[in-house]
Amino acid sequence: MSRSGISTGTSAPPSRALSLLLQGEVERPVSLTVADLRERWQQHHADVVFHCATDGPRHHTFEGPLLREVVDSAKPAFDARRRKDRSRFLLAVTGGDGHHTVLSWAELDADFGNVPVLLATAMDGRSLESAGSQLVVPSDHCGARYISAITSVWVGGITT
């Protein structure tokens, strides 16, 4: 029987866990599964309401690590002691469905916006293991930056 509950009549091997690639201007690029995100970092909760363009208000509870803690563990290539160096960095997030969004490091950084953006490992009490992690921006009123099935997080700085 498959994960969907539909009998396939054959015994198929389990599907490979979905993962996201944390890459760019980081010292330690890494591929992370939902299980990795759940096991390696403290989990935070966010009760959110955002407005979906097609479905109206959506109410969800998410759980997962803070994006800034996960990215920080990859050692971004900025001088952490210099606020202006940190503030020139961006994060580009890509989902499995082709959706993209961009955040600034300053939005996440405790010295600036301190927004508790999550890489969700669970939604409404259900694991996202088979669906992939989801970007959750609790301060957003619309759902455009809620990226599902994250495939990559690219970190990089603006140079002149």
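Given the structure is predicted, the values throughout are model-derived calculations rather than measurements. Along each chain, numbering runs from 1 in the same order as the chain's sequence is written. Local features in this predicted model are restricted to residues of pLDDT 70 or higher, and side-chain atom pairs are both shown and tallied only at a pLDDT of 80 or more, whereas totals for entire chains, interfaces and linings draw on every residue. The basis for every side-chain value is the complete set of heavy atoms in the structure, and neither hydrogens nor water enter the calculation.

## A look at the overall build of the chain
Each helix and strand counted, the chain has 4 helices and 11 strands in total. Expressed as a percentage of the 160 residues in the chain, the buried residues total 41%. Contacts are assigned to residue pairs that have any heavy atoms within 4.5 Å of one another. Of all intrachain contacts in the chain linking residues separated by at least 6 positions in sequence, the fraction that spans at least 24 positions is 58%. Approximately 8900 Å² of the chain is accessible, and the part contributed by carbon and sulfur atoms is 53%. Elements are defined by DSSP. Helices are runs of H or I of four residues or more, strands are runs of E of two residues or more, and each kind is numbered from the N terminus. Here's how the labels work: a residue is buried when its accessible area is under 20% of the maximum for its type, exposed when over 50%, partly exposed in between, all with a 1.4 Å probe on protein chains only. Here the accessible surface of atoms and residues is derived via Shrake-Rupley with a 1.4 Å probe, and residues count as covered only by protein chains that are part of the display.

## A few points about the sheet that holds strand β8 (residues 122-123)
For two strands to pair, DSSP has to find at least two bridges joining them. In spatial order, the strands read β3-β4-β8-β9; together these 4 strands make up an open sheet with antiparallel pairing. At either margin of the open sheet sits one strand with a lone partner, and together these are β3 (44-52) and β9 (126-127). When β8 meets β9, the two strands line up antiparallel, connected through 2 bridges. When the bridges of β9 are listed, Met 123 appears paired with Arg 126.

## Here we look at the environment of Pro 57
In this fold, Pro 57 is placed in strand β4 (residues 56-64). Classification of Pro 57 as partly exposed rests on a relative accessible area of 47%. C-alpha separation for the pair Pro 57 and Gly 143, spaced 86 residues apart in sequence, amounts to 9.2 Å. With residues up to four places along the chain from it excluded, the contact list for Pro 57 reads Val 49, Phe 50 and His 51.

## A short note on the confidence of the model for the chain
Predictor confidence is given residue by residue as pLDDT, running from a minimum of 0 to a maximum of 100. Taken as a whole, the chain shows an average pLDDT of 89; of its residues, 89% reach a score of 70 or greater. Considering only residues more than four positions removed or in separate chains, one finds that residues 1-15, a stretch of pLDDT under 50, has 5 contacts.

## Quick notes on the pairing of strand β11 (residues 150-157)
Of all 8 residues in β11, 6 are buried, a share of seventy percent or more. The pairing of strand β1 (residues 19-24) with β11 spans 4 bridges and is parallel. Counted as the bridge partner of Leu 22 is Val 153 from β11. Where strand β5 (residues 89-95) and β11 come together, 7 bridges link them in antiparallel fashion.

## Considering the pairing of strand β2 (residues 30-33)
Every other side chain in a regular strand lies on the same face of the sheet, so the side chains alternate between the two faces. As judged from the 4 bridges shared by β1 and β2, these two strands associate in the antiparallel manner. By the bridge assignment, Leu 22 is partnered in β2 with Val 30. In this antiparallel pair of consecutive strands, β1 and β2, the connection spans 5 residues.

## What about the nonpolar core?
With 26 residues, the main nonpolar core has Leu 67, Leu 135 and Val 153 as its most contacted residues. Listed by contribution, the elements that provide at least two residues to this core are β1, α2 (67-73), β5, α4 (105-108) and β11. Residues in contact with Leu 135, not counting those within four places in the same chain, are Leu 67, Val 93, Thr 101, Leu 103, Val 117, Leu 118, Leu 119, Arg 145, Tyr 146, Ile 147 and Ile 150. Phe 62, Met 123, Val 136 and Tyr 146 belong to the second-largest nonpolar core, a separate cluster that totals 11 residues. In this text, buried Ala, Val, Leu, Ile, Met, Phe, Trp, Tyr and Cys residues form a nonpolar core when linked through side-chain atoms within 4.5 Å.

## With respect to the side chain of Thr 121
Position of Thr 121 among the secondary structure elements: in the loop between β7 (118-120) and β8. What makes Thr 121 buried here is its relative accessible area of 1%.

## Describing the pattern of salt bridges
A pair is scored as a salt bridge if a Lys or Arg side-chain nitrogen falls within 4 Å of a carboxyl oxygen belonging to Asp or Glu. Applying the stated criterion across every chain, the model contains 10 salt bridges. Asp 36 is the partner of Arg 40 in a salt bridge, and the nearest nitrogen-oxygen pair spans 3.7 Å. One end of the pair is Arg 40 and the other is Asp 36, both in helix α1 (residues 34-40) and 4 residues apart, which spans about a single turn. Here Asp 36 falls in the buried class, since its relative accessible area comes to 16%. Here Asp 111 makes a salt bridge to Arg 83, at a shortest N to O gap of 3.4 Å. Residue Asp 111 is located in the loop between α4 and β7, and its partner Arg 83 is located in helix α3 (residues 83-86); the two are separated by 28 residues in the primary sequence. Owing to a relative accessible area of 51%, Arg 83 belongs among the exposed residues under this scheme.

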